[in-house]
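# Examining the three-dimensional arrangement
Each chain, written out:
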Amino acid sequence: IYGYYGVRSLDAPQRFGNKSIITFDFGDSEIRYNWYSFTIGFGTQSIWLGPAKLNPIIHSNNAPSYPKFDIGIRKQKINLPWWNISLGEIEFRGWVGKLSESDFFDTDETNNDNLISGLSVSWSLPWIFKGLTISFNRTMLSKWNKISPYTLFEIYIPWMKSDAGFDESDQRASITIDYLIPKVGFEIYLEWARNDFQTADGNFIRYPFHTQAWTVGSQKTFDLSDKIKGKFLIEVSYLECSHDYMTTYEWYSTFYAHHKITQGYTNKGQWLGSGIGTGGNSQFFGFELLYPRGKSTLSFQRINPDLDYIYYVAPDRQDSYASKMNTLLIYNFENLFFITNNIIFDFCFKYIHELSANYEEFGKRNRLYFSLNLKYNI
């Protein structure tokens, strides 16, 4: 009864029960061995892919961490040996991990776990393009009880062997572009993602925006004094289903769902990628004050959560689409303070104004959120 209100094949509870929650996990812990640029590790350290500050699409630390094994190359300079010409820097990481479903998805004990395999490759360009980084990220979800060379290593082979809709696994990929100019404290970035791939080149040419999602953002830092800096951040995300589903296909889809990996792109009931979840959009504007012992943040965010549900699942519930769209306006203040180098204290206060025509018992509602956190790093 606390499960996801839209697609049944998504493990994204609206509420984790009606009681207080106590959890324990190993957080960002790992055992790692480095030899020159080569690295190999095992643990539960969270993965954050791409330059997005708020809503990376392929992978973030929004969901609880999961056990994984990874191997790769740390940031490494590339030079042509003949003329000592720099080709920039590269970085590579591949991993496999075990995902789990929440207690609010189903009662089938045989499908509680899924396999995630992933890779990320980044190239920082040299010369006149210095400050420009291009990355490629790809993940694939498969059923844990069907581990095979395909589910472990298919992501290292370009494209797919079969059309989306017939494959047993669930793939996503993104390209990120990040341009940073440190001298003026300016950065602009983009992540463009696809849910599954089209094997036919003609299909991609006809409509390259099939199953797309994107995040674009920019930030600017400036000095207020010798020890205090300010930073403005703007980030916009769009995860709504591509328009061809409305006119061409006869089945419903949304970016973080799949018809065979029935928990969707989640771990323990929370999204692996963007925190706003599937099928919606977000616009964020924030200002940060950074000082030697921490930072203070004041921000505003507007979110339409899961418009795909409105368009495809419940198109007849209201007289117009606009009247059905759930909208969140979030006003946020938070402060992070280093008591010592190892002890961190932070608090957060949010005021949330919700226009919730989907919930017929509420026309509008207001919520307050407050949190205190104390963290110790070993």
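For the structure itself, look to the data block above.
What counts, and at which threshold
- Residues numbered from 1 in each chain as written.
- Predicted model: local features only at pLDDT ≥ 70, side-chain atom pairs only at ≥ 80, totals over all residues.
- Heavy atoms only, no water.
- Helix = DSSP H or I, 4+ residues; strand = E, 2+ residues; numbered from the N terminus.
- Buried < 20%, exposed > 50% of the residue type's maximum accessible area, 1.4 Å probe, protein only.
- Contact = heavy atoms within 4.5 Å.
- Patch = residues over 30% accessible without salt bridge, like charges linked within 9 Å, V, L, I, M, F, W, Y side chains within 5 Å.
- Areas by Shrake-Rupley, 256 points an atom, 1.4 Å probe, with all protein chains shown as cover.
- Salt bridge = Lys/Arg side-chain N within 4 Å of Asp/Glu carboxyl O.
- Polar contact = N/O pair within 3.5 Å; in protein donor to acceptor, adjacent residues only side chain to side chain.
- 1 Å grid on protein atoms, 1.4 Å probe; cavity = no way out; pocket = protein on both sides within 12 Å on 5 of 7 lines; lining within 4 Å.
- Points joined across faces, edges and corners; volume = space filled by probe spheres on them.
- Nonpolar A, V, L, I, M, F, W, Y, C, P; charged D, E, K, R; others polar.
- Phe/Tyr/Trp six-rings, centres within 6.5 Å; stacked < 30°, edge-to-face > 60°.
- Pairing = 2+ DSSP bridges.

Moving on: the overall build of the protein. In terms of regular secondary structure, the protein is built from five helices and 17 strands. The buried share of the protein, reckoned over its 378 residues, is 42%. Within the protein, contacts between residues separated by at least 24 positions form 60% of all contacts whose residues are at least 6 apart in sequence.

It is worth spelling out a nonpolar patch on the surface at this point. A surface patch of nonpolar side chains, about 800 Å² in accessible area, is lined by Tyr33, Trp35, Tyr36, Phe38, Phe42, Phe69 and Ile71. For the nonpolar patch, the secondary structure elements donating two or more residues are β1 (30–35), β2 (38–43) and β3 (68–80). Note that Trp35 resides in strand β1. Since its relative accessible area comes to 51%, Trp35 is described here as exposed.

This part takes up the environment of Asp108. By secondary structure assignment, the location of Asp108 is in the loop between β4 (85–100) and β5 (113–124). Relative accessible area serves as the criterion here: at 34%, Asp108 is assigned to the partly exposed category. A distance of 2.6 Å separates a polar atom in the side chain of Asp108 from a polar atom in the side chain of Thr110.

Time to look at the layout of surface pockets. Its boundaries defined by the atoms lining it, the second largest pocket holds a volume of some 1,000 Å³. Taken together, 42 residues make up the lining of the second largest pocket; nearest its centre are Lys75, Glu91, Ser122, Ser124 and Thr133. Elements with a contribution of two residues or more to the lining of the second largest pocket: β1, β3, β4, β5, β6 (132–143) and β7 (170–181). Here the lining of the second largest pocket is built from residues that sort into 16 nonpolar, 14 polar and 12 charged.

Let us look at the side chain of His258. By the element assignment, His258 lies in the loop between α3 (244–247) and β11 (266–267). At 3.2 Å, the side chain of His258 and the backbone oxygen of Ser169 are in polar contact. In this structure the side chain of His258 is engaged in a polar contact, spanning 3.1 Å, whose partner is the backbone nitrogen of Ile261.

The subject of this paragraph is the packing of aromatic side chains. With the rule as written, the count across this model stands at 17 aromatic pairs. When the centroid spacing of 5.2 Å and the interplanar angle of 75° are considered together, the rings of Phe255 and Tyr256 count as edge-to-face. In this pair, the class of Phe255 matches that of Tyr256, namely buried. Look at Tyr331 and Tyr351: their rings are 5.8 Å apart centre to centre, the planes differ by 25°, and that puts the pair in the stacked class.

Before going further, it helps to spend a moment on the pairing of β1. Bridge analysis of β1 against β2 gives six bridges, and the strand direction is antiparallel. Note that in β2 the partner of Trp35 across the bridge is Phe38.

Below, the discussion takes up the pattern of salt bridges. Once their charged atoms are close, side chains differing in charge can pair, the charge on each being opposite to the other. By the definition in use, this model includes 11 salt bridges. In this structure, the salt-bridge partner of Asp170 is Arg172, at a minimum N-O distance of 2.7 Å. Across this residue pair, the class does not change: Asp170 and Arg172 are buried. One salt bridge connects Arg367 with Glu354, and the closest N-O pair in it is separated by 3.0 Å. Taken together, the positions of Arg367 in strand β17 (residues 364–376) and Glu354 in strand β16 (residues 343–355) put the pair 13 residues apart, joining distant regions of the chain.

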